[in-house]
Structures are given as C-alpha cells and as structure tokens.
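Structural overview
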Amino acid sequence: MSVHPPLSPGMAVLDIDLAALTHNTATLRARVGRPLMAVVKADGYGHGIVESARAALAGGADALGVTILDEARTLRGAGIEARVLSWLHTPGTDFAWALGAGVELGVSTIEALEAIADAGDGGVVHLKIDTGLGRAGCPPDQWPALVARAAELESARRVRIAGVWSHFAFADAPGHPTVQAQITALHEAAEVARASGLDGFALHIANSAASLTDPGAWCDMVRPGVSLYGLDPMGGDPSEYDLWPAMRASARVLMVKEVPAGTGVSYGLTYTTSRATRLAVVPVGYADGIPRAASGRAPVTIDGVRYPIAGRVCMDQFVVDVGDADVHAGDEVVLWGDAAYDEPTAQEWADAAGTIHYEIVARAGGRFARRHHNDLRGRAHG
Ligand SMILES: *Cc1c(COP(=O)(O)O)cnc(C)c1O
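Anyway, here's the lowdown on the structure attached to this text. (Residues numbered from 1 in each chain as written. Predicted model: local features only at pLDDT ≥ 70, side-chain atom pairs only at ≥ 80, totals over all residues. Heavy atoms only, no water.)

Turning our eyes to something else, we now look at the pairing of strand β18 (residues 332–336). A large share of β18 lies buried, amounting to four of its five residues. In this structure, strand β10 (residues 247–252) lies alongside β18, joined through four bridges in antiparallel fashion. Across the sheet, Ser-250 pairs through a bridge with Val-334, a residue of β18. Where strand β15 (residues 299–302) lies against β18, two bridges are found, and the strand directions are antiparallel. Residue pairing in the sheet places Thr-301 in a bridge with Val-334 of β18. (Buried < 20%, exposed > 50% of the residue type's maximum accessible area, 1.4 Å probe, protein only. Helix = DSSP H or I, 4+ residues; strand = E, 2+ residues; numbered from the N terminus. Pairing = 2+ DSSP bridges.)

Printed below as a string of structure tokens:
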C-alpha cells in the first residue's frame, strides 16, 4: 500500500500485462498437466493481488495461494470464489472467518490445528512438513504426533486433511542433492500420515523452479509464483520457457541539464562527468522500491538507448548521464520490462543490486502508479 500520493499519471508507472500472466499460467499448467495453485501472495508479487488472481484463473489456475488470511479476505472481498490456501497464521488468527469463507489452511503446528478445530467443524487443512528448508513446517520429529492428532480430528469430522506439503530450499539449483532429498522426505511424511489413517490428501511441494525443471517434484499439484509473473527463478531468460514478463516499470524524465566535465552527481558525488554532458533527472528512488544498492550500475533505456544510473539512487530520484543524446523532459525512461522488447530486465536490476528479481518486482510501489492492461504488448490477441 502506498503511503505517498501517486505521482501525476504518467510520471512513473508500473504497467502490468494481465495477458502475460494468463499466458504464463496456461504455459505452466500445460507443462505440468496437473492442478496448479497460483501463488499471489505479497500483492501478487507487486502486480496486484486481485488482478493477478483473476488473470491466473483465466489461464487455468485451479487454486490460489496466499500467506496471510488478510490476503484471502481481499480475494473473497473481490468476489473471487476459487480455492484459496493460506499458510501463515499468527496466534489469534480468526479461523472462524476462514471456515466460513471456505479458505483452506496450511498448518505446521498442533496448536494451529487445535485452534482451527475449535473455530468450527469442517476446516480444510494442509499439513506442512519441514523437509529441509528450516523455516515454517512441522519438524520431522513432531510429525507423527501432528498427523495422529489430525487423524483423530478428521474421524470426528472436525477437520478435513486435504494436503500434505512442503517447500524447497534450493530448487533454483536444479539437480542439487537437497531437491531429491526433500522430495523423498515428503513421500516418507505422507507414508506416516497414511499409517495414521489419513488418506485422500494431495501432496505438493513444487515452486516455480521445480515446476519448470523437475517433474519428479510435481506430485499432485504445483505451487508456482514468480514464473507466473514471467520471471525465470533460475535467473535466466524467461523466453526459454515461453514466459512473458508481466511488469514494465517506467518513469518520465523530470528535467535535463547541461553540465561541464568534472561535475559530481548525486549524494556522495560517487559519479563525476568525464566530459561536458547532459544529465537527465528521473523522479523515482528508493522510497518507490528502486534499490539504492543498484546505484551507479542498474540499466535504464531512454528512446531505446541504454544507460547505467549515474551515482547514487536517492529517496525520490536518480540521475542518468545521457551525453549528447536527444533526451528531453517528459521522455520515457524504462527501468525494467521485457528483454524481448529490448528493455532492461528485473534480473539485470537484481544483479546490479545484489539481490533477486523477486525483490525488485515485489518492492516496486511507493509513488509508482500501477496500471493493469489486458494485453500491453498486443501479442496475446494478435
Ligand atoms: C512463495 C511460495 C511459493 C512460490 O514460490 P516461487 O519461487 O515464487 O514459485 C510456493 N510455496 C510457498 C510456500 C511459498 O511461500
């Protein structure tokens, strides 16, 4: 949510291509040939949760995945009736609302399981085992007790166990030995659950990376996120998987000025002009999710020409040294978009900032206006 008023329309925009989201979902869904839960947490990775959810459903998503119940509430509030799984619950979470709204619940602890049963009958639960990520998920030594209690509650018809699931630590390194070890551990956990009397649950573990690279991880359902937004989780070229980047970040040049050689640029004067040149000021900065760590490095294009950022990214602006190019106030500066259209990519920004593209798109916000398009590039409908 923006705490700033958006800039006047056109000053800085995140253009979101919903046709790309729909296309990417259909591409992934066809690739795996089984149910697909589209992960739309974190405001749809910065693309808008409701719009992203609708676009993914249009592409054949069978269910939606979110972290907290507030996100599920947003989806239901928008009239989206699809299956939704929510998996991060702090103590005191209003499970009664989830039951009434038919939202399925990821559970890692007996406490959460009991709280769901206490909130009413019929809660749909996915039991999460930690197979090696070391984050949420039930530790293996407590798994037998969790599934035993779940089986009791299920036979008393107080809950229904619809899933046994886990999450990868390192699937973006295909072939890494932890990937197979986690799959094996998930199947073992499922055996323990069956031995306790549970059955008919779906097994799921595959994120985007595993959905793209490892059929052995697909199980009964996949849960991709970032790939649906058109980004390759391995950091490569998404077009190799026929994925279309859905976010295009751009801003308008605020002013252009002529400066002599030897002019220091932006805080700390880390960049100095080597010749008489022209500087273009771009009115977005780290308050808008532009990583300050990308100072002096990240690429932009203006009229198809590439420039690195000159000097530090500030809170509200950064500077580009455009030389004698014919650049004027009001010209469009593309920060990231789609390499297929000769635009810099979120991956290049991530490399410049020492992070991953997930963080680049998920944090973009602040004073950017966000606009959704049915088919921004005109490729989905001819
Ligand atoms: C975020 C998340 C996903 C999706 O991961 P991607 O790498 O974006 O595909 C799947 N499952 C869980 C539990 C997650 O938190």
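Next up on the list: the nonpolar core. A general trend in soluble globular proteins is that nonpolar side chains are found buried together. One finds Leu-127, Phe-318, Leu-335, Trp-336 and Trp-349 to be the most contacted residues of the largest nonpolar core, which totals 115 residues. Residues lining this core come from more than one domain, with at least three contributed by each of domain 1 (18–232) and domain 2 (247–373). Ranked by size, the runner-up nonpolar core spans five residues in total, among them Val-265, Leu-279, Ala-310 and Val-319. (Core = buried A, V, L, I, M, F, W, Y, C linked by side-chain atoms within 4.5 Å. Domains from an automatic or database assignment.)

Let us look at the packing of helix α3 (residues 49–58) against helix α4 (residues 69–77). Contact geometry of α3 with α4 gives a least axis separation of 10 Å together with a crossing angle of 65°. As summarised for this structure, α3 and α4 are arranged roughly perpendicular, according to the angle between their axes. Regarding α3 and α4, the two cross each other, and that crossing is right-handed. Two secondary-structure elements touch here, α3 through Ile-49, Val-50 and Ala-53 and α4 through Glu-71, Thr-74 and Leu-75. Looking at the contact of α3 with α4 residue by residue, the class counts come to four nonpolar, one polar and one charged. (Axes fitted to C-alpha atoms, helices over the stretch in contact; angles between N-to-C directions. Parallel < 35°, antiparallel > 145°, perpendicular 65-115°, else oblique. Left-handed = near helix turned anticlockwise from the far one by under 90°. Contact = heavy atoms within 4.5 Å. Nonpolar A, V, L, I, M, F, W, Y, C, P; charged D, E, K, R; others polar.)

On to the site of the ligand, then. Residues in contact with the ligand amount to 14 residues; listed here are only the nearest, Lys-41, Tyr-45, Ser-208, Gly-225 and Tyr-358. In this structure, a nitrogen atom belonging to the ligand sits 3.5 Å away from a side-chain N or O atom of His-167. A distance of 2.6 Å separates an oxygen atom of the ligand from a polar side-chain atom of Tyr-358. The protein chains hide 95% of the 390 Å² of surface that the ligand would expose on its own. Its residues assigned to classes, the shell around the ligand comprises seven nonpolar, four polar and three charged. (Near = heavy atom within 4 Å. Polar contact = N/O pair within 3.5 Å; in protein donor to acceptor, adjacent residues only side chain to side chain. Areas by Shrake-Rupley, 256 points an atom, 1.4 Å probe, with all protein chains shown as cover.)

Turning to its location among the elements, Thr-273 is positioned in the loop between β13 (271–272) and β14 (277–282). Overall, Thr-273 belongs to the buried group, its relative accessible area being 3%. Among the polar contacts listed, one links the side chain of Thr-273 to the backbone oxygen of Pro-260, at a separation of 2.9 Å. The contacts of Thr-273, once residues within four sequence positions are left out, are Val-259, Pro-260, Ala-261, Gly-262, Thr-263, Val-265, Leu-279 and Asp-321.

To continue, consider the sheet that holds strand β16 (residues 305–310). Where strands meet in a sheet, backbone hydrogen bonds hold them as pairs that are either parallel or antiparallel. Pairing within the open sheet is mixed, and its nine strands lie in the order β11-β14-β17-β16-β15-β18-β10-β1-β19. Each having just a single partner strand, β11 (255–259) and β19 (369–373) make up the two edges of the open sheet. Between one strand axis and the next, the sheet turns by 35° as a mean value, whatever way the strands run. Two elements, strand β1 (residues 12–17) and β10, share five bridges in a ladder whose sense is antiparallel. Opposite Ile-16, over in β10, you have Met-247 as the bridge partner.

The sheet built from eight strands is open, its strands ordered β2-β3-β4-β5-β6-β7-β8-β9 with parallel pairing. A single partner strand is all that each edge strand has here, and the edge strands are β2 (37–39) and β9 (221–222). The sheet contact formed by strand β4 (residues 83–86) and strand β5 (residues 104–107) spans two bridges and is parallel. The partner of Leu-85 across the bridge, within β5, is Glu-104.

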